[in-house]
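Below are the chains, spelled out letter by letter.
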Amino acid sequence: MDLIAQGYGSSSDSEDASSRKPAKVAKITSTSIQVNGAPDVSLEDPSYARHIYTNPTDTQLAVNLNYDSMLQPVQGPVNPFTSSSSKSRAMDVRRNVWTGHVEENMFSEHDFRTQQQSYAAFGFAKDPSVLSVADNGQSGSGKQGTGFVGNVEKAREMDGATIWDKVPKHLRNNQNQKKRQTRGDASVLEGKDAYRGPWATYEGDRIGELSGPTEEERDVHDKQVEAAAEEKQARNKANPTKPVAAGSETTVFHGKEEHDYLGRTYMHVPQDLDVNLNGEPGTQTCFVPKKLLHTYTGHTKGVSAIRYFPKSAHLLLSGSMDTKIKIWDVYHDRRVLRTYMGHSKAVRDVNFNNNGTEFLSASYDRNIKLWDTETGQCKATFSKKTIPFVVKFNPDDDKQNVFLAGCADHKVYQFDARSGDVTQEYDQHLGAVNTITFVDDNRRFVTTSDDKSLRVWEFDIPVIIKYIAEPDMHSMPAVAISPNHKWMACQSMDNKIYIYNAKDRVSQNRKKLFGGHMAAGYACQPSFSPDGRYLSSGDSEGNMWIWDYKSCKVHKKFKAHDEVVIDSAWHPHETSLLATASWDSNIKLWV
């Protein structure tokens, strides 16, 4: 700056410049001056030091601001995603709810009702907003600055009239209303001008004619109904499964050879194990399973029921919703041995006879089939044109040709497997029969039904011995018998398992009650351990529950499957081998 001052004079010296000598100019060399391309510059404006900056969206301030600070313009980059208009941007700033801005204003009930009814009658109303101003200076800009919302053109034509203002006839909304007939002449009794008085009707009313639609309206309605029915039928149309003809059942053996070098099939009880499969069940102390041993994956849909091979339990039979029945190897390779195919719909229940040479299968195709376990041949098919929910052989050795079937038509049918005839019917239930349990040395059997009752029958006599139905009872779709055949565990739809005496006098043991699980809506089959120490059941969330039978307390709960565990069975000769079946199409062994 000194160099500039020396090189240039002030304006006052311009007048006598001619009388003064020229000033000496300092010589500038390259070594005497260094140029700084980025000098330190202070960006602070001293005037801004007096202001306090706030966020425009703040609704509360911790300090008192002066007038100048509150009126400072909004600084910073503009949000490119907001509206470009200043009004919309102001609304974005003042937004206090997700959908916009809600104002708290005092609005009289009379004014509110007036504008509400005016909008309903004429299609427009005044804009009650106080954040904007209309072109005429009133609060509330409305559409296009008119101060009204709704039909702006009509508001201009009617000059913003309300329901309390007088409106010309051509602008009223009652132009399409029916006109009422005249009262007529009191001196005329009949004819066009007959006296009607206060009973005058409206034009177009068909007084004296039959009420109802006209022929044209009826034809249009019929066509609409037919079109809707066709559309619904096309939408709900499904490919019906073709029933399997008798004698067309098939079977597939999945092993390499059906017979070993001694001519034995998979029916032979293995002797090369550490467990005596021919021993007496329940002689060993049982324990709670701790880990997963094996998972059977072969079914494509949910598994409905699993049954161990009688006495030895070296095979496991399963019925599935994929219409197939499979038998699995419990030991050695633990793979599927044979598949039985003969049903056209989901299999509901399976049941072995005493020696395991035959088994029954009940399906939703309304058929009951008798299969040969070893060869896979379907020996007979039984049907009463109703869905069987449960099938049971008579446990007596001299009655292995007789079995019972509980069906959806509220009846229990007694079949003779040799002749195929129905030898007895038990028809006292008022709902579908879900379970059949033989008690009292197989002289009686107990049935449970959807009618929320439990009934005891004498075998081969269709007369009820005992009927149990309490007001607080729920349906019990799954029942298990204890190893000593003294107690029955009944899965109730109120998420509890009740215990009933299975001896001479069938009654509830009110000291035993097991709960905690969620099984309402599902027929989760309970199961006793071979020694009777534990009671197990699945639930609707895929968990496995194990209770201590003596104390009724939950001993263990673990996640077993991804979907509902519908069935479980303890191995009669193992200490802790438990099989579980689920609607996730898997069968698992826990040990």
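Computed from a predicted structure; not experimentally measured.

1. With respect to the overall build of the protein chain
Phase 1: Scanning the protein chain for helices and strands turns up six helices and 31 strands.
Phase 2: For the protein chain, buried positions account for 39% of its 591 residues.
Phase 3: Look at the contacts in the protein chain between residues 6 or more apart in sequence, and 45% of them connect residues 24 or more apart.
Phase 4: For the protein chain, the exposed surface amounts to about 36,600 Å²; the carbon and sulfur share of it is 50%.

2. So, the environment of Asn-276
Phase 1: Structurally, the position occupied by Asn-276 is in the loop between strand 3 (250–253) and strand 4 (292–297).
Phase 2: Overall, the relative accessible area of 52% leaves Asn-276 in the exposed class.
Phase 3: Sequence-wise, Asn-276 and Glu-574 are 298 residues apart; in three dimensions their C-alpha atoms are separated by 9.1 Å.
Phase 4: There is a polar contact of 3.2 Å between the side chain of Asn-276 and the backbone nitrogen of Asn-278.

3. Details of the pattern of salt bridges
Phase 1: Using the criterion set out here, one finds 18 salt bridges in the structure.
Phase 2: Lys-399 is the salt-bridge partner of Asp-398, the closest N and O atoms lying 3.9 Å from each other.
Phase 3: Note that Arg-444 is salt-bridged to Glu-458, the shortest N-O span being 3.6 Å. Taken together, the positions of Arg-444 in strand 18 (residues 444–449) and Glu-458 in strand 19 (residues 454–458) put the pair 14 residues apart, joining distant regions of the chain.
Phase 4: Connected through shared salt-bridge partners, Asp-440, Arg-443, Arg-444 and Glu-458 make up one network.

4. Concerning the side chain of Asp-365
Phase 1: Mapped onto the secondary structure, Asp-365 falls in the loop between strand 10 (358–363) and strand 11 (368–372).
Phase 2: Despite its burial, Asp-365 pairs with no opposite charge, the nearest such side chain being Lys-369 at 5.9 Å.
Phase 3: Within the structure, Asp-365 has its side chain in polar contact with the side chain of His-343 (distance 3.2 Å).
Phase 4: At a separation of 3.1 Å, a polar atom in the side chain of Asp-365 contacts the main-chain amide nitrogen of Asn-367.
Phase 5: In this view, Asp-365 contacts His-343, Ser-344 and Lys-345; residues no more than four positions away in its chain are not counted.

5. Focus on the sheet that holds strand 18
Phase 1: Judged by pairing direction, the sheet is antiparallel, and its four strands sit side by side in the order 17-18-19-20 without closing on themselves. Both edges of this open sheet fall to strand 17 (433–439) and strand 20 (461–468), since each of them pairs with a single strand only. Between one strand and the next, the sheet's axes are offset by a mean angle of 30°, whatever the strand orientation.
Phase 2: Direction of pairing for strand 19 relative to strand 20: antiparallel, over a ladder of five bridges. The residue bridging Trp-457 from the neighbouring strand is Ile-464, located in strand 20.

6. Topic: helix 4 (residues 109–122)
Phase 1: With 14 residues, helix 4 should cover 20 Å at 1.5 Å per step; its first-to-last C-alpha distance of 20 Å lies within 8% of that length.
Phase 2: For helix 4, the full list of buried residues reads Thr-114, Gln-115, Ser-118 and Phe-122. Projected onto a plane normal to the axis of helix 4, the buried residues spread over an arc of 90° and lie on a single side.
Phase 3: Next to the buried residues of helix 4 lie strand 1 (124–126) and helix 5 (152–157).

7. Describing the sheet that holds strand 7 (residues 324–329)
Phase 1: Within the open sheet, the five strands sit side by side as 3-8-7-6-5. Their pairing is antiparallel. This sheet does not close on itself; its edge strands, each paired only once, are strand 3 and strand 5 (303–308). Across the sheet, the mean angle from the axis of one strand to that of its neighbour is 15°, orientation sign disregarded.

Definitions and limits used
Residues numbered from 1 in each chain as written. Predicted model: local features only at pLDDT ≥ 70, side-chain atom pairs only at ≥ 80, totals over all residues. Heavy atoms only, no water. Helix = DSSP H or I, 4+ residues; strand = E, 2+ residues; numbered from the N terminus. Buried < 20%, exposed > 50% of the residue type's maximum accessible area, 1.4 Å probe, protein only. Contact = heavy atoms within 4.5 Å. Areas by Shrake-Rupley, 256 points an atom, 1.4 Å probe, with all protein chains shown as cover. Polar contact = N/O pair within 3.5 Å; in protein donor to acceptor, adjacent residues only side chain to side chain. Salt bridge = Lys/Arg side-chain N within 4 Å of Asp/Glu carboxyl O. Lys, Arg positive; Asp, Glu negative; His and termini not counted. Pairing = 2+ DSSP bridges. Axes fitted to C-alpha atoms, helices over the stretch in contact; angles between N-to-C directions. Expected span 1.5 Å × (residues − 1). Arc of directions from axis to C-beta.

Keep in mind these numbers describe shape, not what the thing actually does.
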